[in-house]
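Notes for the structure review
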Amino acid sequence: MAYLAAYDVHAAKVFGRTGPRTGIDPFMNLVAQVMSIELYASAKRVFWIVDNGSSHRGQKAADRLTAAFPNAVMVYTPVHASWLNQVEIYFSVVQRKVVSPNDFTDLTEVGKRLRAFEDRYNATAQPFQWKFTTSDLDDLLARLDRHTTDHQAGSSAEPAT
C-alpha cells in the first residue's frame, strides 16, 4: 500500500490518499485532489515542493504538472535533503504514531488507520514553527566541512603492514 500526501504549510492541512502503488498517475491524482479545491484552484501560484522520486522527477514531470494545472509550480529539494520538505516531517510523525509498531491484520486496516490519523491531525495540527535560519545553515556547513577535513586527514594515513 502506498500513502501519498500533500501538506499545506500555512494551514497545517494534509491531503492524503492511499492506493496500491506509487507512480505518475497516483501522484497526479493527488495533485488533482488538491488543485480541485478552490483555495488552490484560483491561486496565482501553488508551489509543489517535491523530492526526486521517480513519479515527479525531471523536466517532463514539471511540464506535466504545469500542463494539467497552469498555476502549479514544481520545486525540487536537493538530493538527500528531503528533510527540507515539511511533508516529510508529517511522514515522520505518521511513521512513529501510526505505522510503528506494525501490528496490522491487513492492508485495509492500515488504510483506515492512516485516514483516521489524517483526520485527527487536520483537526488539531498547527503549522510547524520552522526555526532553521541561515545562521544555522552556516553552522551546519562549517561542521560538515570540519568532519570532511577530519575524515580525509584520518584516511590519508599510511596503512599498517
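See above for the structure.
Predicted, not measured: the structure shown is a model, and the values here were computed from it.

**Digging into a nonpolar patch on the surface**
Together, Trp83, Leu84, Trp130, Phe132, Leu137, Leu141 and Leu144 line one region of the surface with nonpolar side chains, adding up to about 620 Å² of accessible area. Secondary-structure assignment places Trp83 in the loop between strand S4 (72-76) and helix H4 (86-99). Among the residues examined, Trp83 registers a relative accessible area of 40% and is labelled partly exposed.

**Focus on helix H5 (residues 107-124)**
Relative to the 26 Å expected for 18 residues at 1.5 Å per residue, H5 spans 26 Å between its end C-alpha atoms, a close match to the ideal helical length. Against the buried residues of H5 lie strand S1 (2-8), strand S2 (13-19) and H4. Backbone nitrogen of Thr108 and a side-chain oxygen of the N-cap are separated by 3.1 Å at the start of H5; the cap is Asp106.

**Here we look at the layout of surface pockets**
Roughly 820 Å³ of internal volume is contained in the largest pocket. Ala6, Tyr7, Phe47, Trp48 and Ile49 are the residues nearest the centre of the largest pocket, which is lined by 34 residues in total. Sorting elements by how many residues they give to the lining of the largest pocket places S1 first, with six residues.

**Things to note about the environment of Leu107**
Relative to the helices and strands, Leu107 is located in helix H5. The sequence separation of Leu107 and Pro20 amounts to 87 residues, and the corresponding C-alpha distance is 9.6 Å.

**Quick word on the packing of aromatic side chains**
Tallied over the full model, the rule gives ten aromatic pairs. On the basis of an interplanar angle of 40 degrees and a centroid distance of 6.1 Å, the ring pair of Phe117 and Tyr121 is categorised as tilted. Of this pair, Phe117 and Tyr121 both sit in helix H5, four residues apart, which is roughly one turn of that helix. Of the two residues, Phe117 and Tyr121, both sit in the buried class.

About the criteria used
- Residues numbered from 1 in each chain as written.
- Predicted model: local features only at pLDDT ≥ 70, side-chain atom pairs only at ≥ 80, totals over all residues.
- Heavy atoms only, no water.
- Patch = residues over 30% accessible without salt bridge, like charges linked within 9 Å, V, L, I, M, F, W, Y side chains within 5 Å.
- Areas by Shrake-Rupley, 256 points an atom, 1.4 Å probe, with all protein chains shown as cover.
- Salt bridge = Lys/Arg side-chain N within 4 Å of Asp/Glu carboxyl O.
- Helix = DSSP H or I, 4+ residues; strand = E, 2+ residues; numbered from the N terminus.
- Buried < 20%, exposed > 50% of the residue type's maximum accessible area, 1.4 Å probe, protein only.
- Expected span 1.5 Å × (residues − 1).
- Contact = heavy atoms within 4.5 Å.
- Polar contact = N/O pair within 3.5 Å; in protein donor to acceptor, adjacent residues only side chain to side chain.
- 1 Å grid on protein atoms, 1.4 Å probe; cavity = no way out; pocket = protein on both sides within 12 Å on 5 of 7 lines; lining within 4 Å.
- Points joined across faces, edges and corners; volume = space filled by probe spheres on them.
- Phe/Tyr/Trp six-rings, centres within 6.5 Å; stacked < 30°, edge-to-face > 60°.

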